[in-house]
Amino acid sequence: MTPFLRYLPGTTPLVLDSPHSGTAYPDDFGHACELQTLRRAEDTHVEKLYDFAPALGTSWVEAFFPRSYLDANRDTTEIDVSLFDEAWPEAVATDAKVMGKVRLGKGLVWRTTDDGVPIYQRKLSVAEVQARIARCWEPYHAAVAQAIDSAHQRHGYTIHLNCHSMPAVASSHATEFPGEVHADFVIGNRDGSTSSGSLARLVCAHLESRGYSVSLNHPYKGVELVRRYGEPLQQRHSIQVEINRKLYMDEQTLEMHEGAVPLKASLLSLVQLLLQTDPRKL
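Quick caveat: nothing in here was measured; it's all calculated off a predicted structure.

### A word on the nonpolar core
In a soluble, globular protein the nonpolar side chains are often hidden away together inside.
Here's step 1: Counting 38 residues, the largest nonpolar core has Phe65, Leu70, Phe84 and Tyr140 as its most contacted members.
Here's step 2: Where this core is concerned, the elements lending two or more residues are strand S1 (5–8), strand S3 (59–63), helix H4 (126–155) and helix H6 (224–229).
Here's step 3: Counting residues per element, this core draws most heavily on H4, at 11 residues.
Here's step 4: In contact with Phe65, not counting residues within four places along its chain, are Phe4, Gly22, Ala24, Leu70, Ala72 and Cys136.
Here's step 5: Of all hydrophobic cores here, the second largest spans 34 residues; its members include Ala53, Cys163, Cys204 and Tyr212.

Written out as structure tokens, the structure reads:
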């Protein structure tokens, strides 16, 4: 445990991480928009939905810092150079698709909220963003990598669930599909590149059997944390799980409601299923 993240090592092949549920806003953030507006960027309460997992022997990694301060689910090259008061000295991604989120204001460091509200009324320094990377991004990724490596060494395979939540309806600056009404769950494995297709289909089928609507790889395919650690040919399977916030919380007040109870039961059943699943045999 550090001021910026929690890492609880496990004993099973299952690794869970929550990069966007952090609510500890650092003093050096220096944002200009109202905190309540900024807080709508959080995957609020996701860590509570899975709070049963460490007791089952799963590894757990959780960010305490908010995603708008530093997004651990972006590569360090996904930089919006317009944010700075000087030239950014490190590499910047050039692929147009990779930089699509940056154009929306959602790079490694956010420029705007999901509704297009500017976060800063100042330019950032290179040094402060480099410090955010060193304090937040690097240790978070080190913890996820260690958890996956350790589980793989013990068991010969790993199943990594990258845990998120999403608004009921996509906001104007959130995705390339503004206004889209989301399913209850969106399961992403980057079109089969970060987990086996059979494992992703098993997750979808299980959730559907619990009565949920499920979409596979649309509109969220998974981003850096599954891209970086998912190697299905090496039996390292990474799947992004997006939960519709309407299932468990009021999106305006950010308060959990009674729907969280059956949702947690369904997530528990999914984790128990995956603990009994060897993807090499699917």
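### Description of H4
Here's step 1: For H4, with 30 residues, the first-to-last C-alpha span of 42 Å sits near the 44 Å given by 1.5 Å per residue.
Here's step 2: Of all the bends in H4, the greatest measures close to 35 degrees and is centred on Ile133.
Here's step 3: Gly156 sits one or two positions beyond H4 and adopts a positive phi of about 85 degrees.

### What about the packing of aromatic side chains?
Here's step 1: Counted by the stated rule, this structure contains eight aromatic pairs.
Here's step 2: Ring centres of Tyr25 and Phe29 lie 6.1 Å apart, and the angle between their planes is 5 degrees; on these two criteria the pair is classed as stacked. Assigned by exposure class, Tyr25 and Phe29 land together as buried.
Here's step 3: Taking 6.4 Å as the distance between ring centres and 80 degrees as the angle between the ring planes, the aromatic pair formed by Phe65 and Tyr140 counts as edge-to-face. Here Tyr140 lies in helix H4 and Phe65 lies in the loop between S3 and helix H3 (100–103), a separation of 75 residues in the sequence.
Here's step 4: Residue class for Tyr140 comes out buried when judged on its relative accessible area of 0%.

Thresholds applied
Along each chain, numbering runs from 1 in the same order as the chain's sequence is written. The model is predicted, so local features are restricted to residues of pLDDT at least 70 and side-chain atom pairs to those at 80 or more, both for listing and for counting; the totals for chains, interfaces and linings are taken over all residues. Excluded from the side-chain calculations are hydrogens and water; all other atoms, namely the structure's heavy atoms, are used. Among buried residues, those of type Ala, Val, Leu, Ile, Met, Phe, Trp, Tyr and Cys that are joined through side-chain atoms within 4.5 Å constitute a nonpolar core. The buried label applies to any residue whose accessible area, calculated with a 1.4 Å probe on protein chains only, is under 20% of its type's maximum; exposed applies above 50%, and partly exposed to all values in between. Counting from the N terminus, the helices are the DSSP runs of H or I reaching at least four residues and the strands are the DSSP runs of E reaching at least two. We call two residues in contact whenever any of their non-hydrogen atoms come within 4.5 Å of each other. To estimate the expected span of a helix, subtract one from its residue number and multiply by 1.5 Å. We define the bend at each residue as the angle formed by axes fitted to the 7 residues ending at it and the 7 residues starting at it. Between the rings of Phe, Tyr and Trp (Trp by its six-membered ring), a pair exists once the centres lie within 6.5 Å; its type follows the angle of the planes, with under 30 degrees stacked, over 60 edge-to-face, and the other angles tilted.

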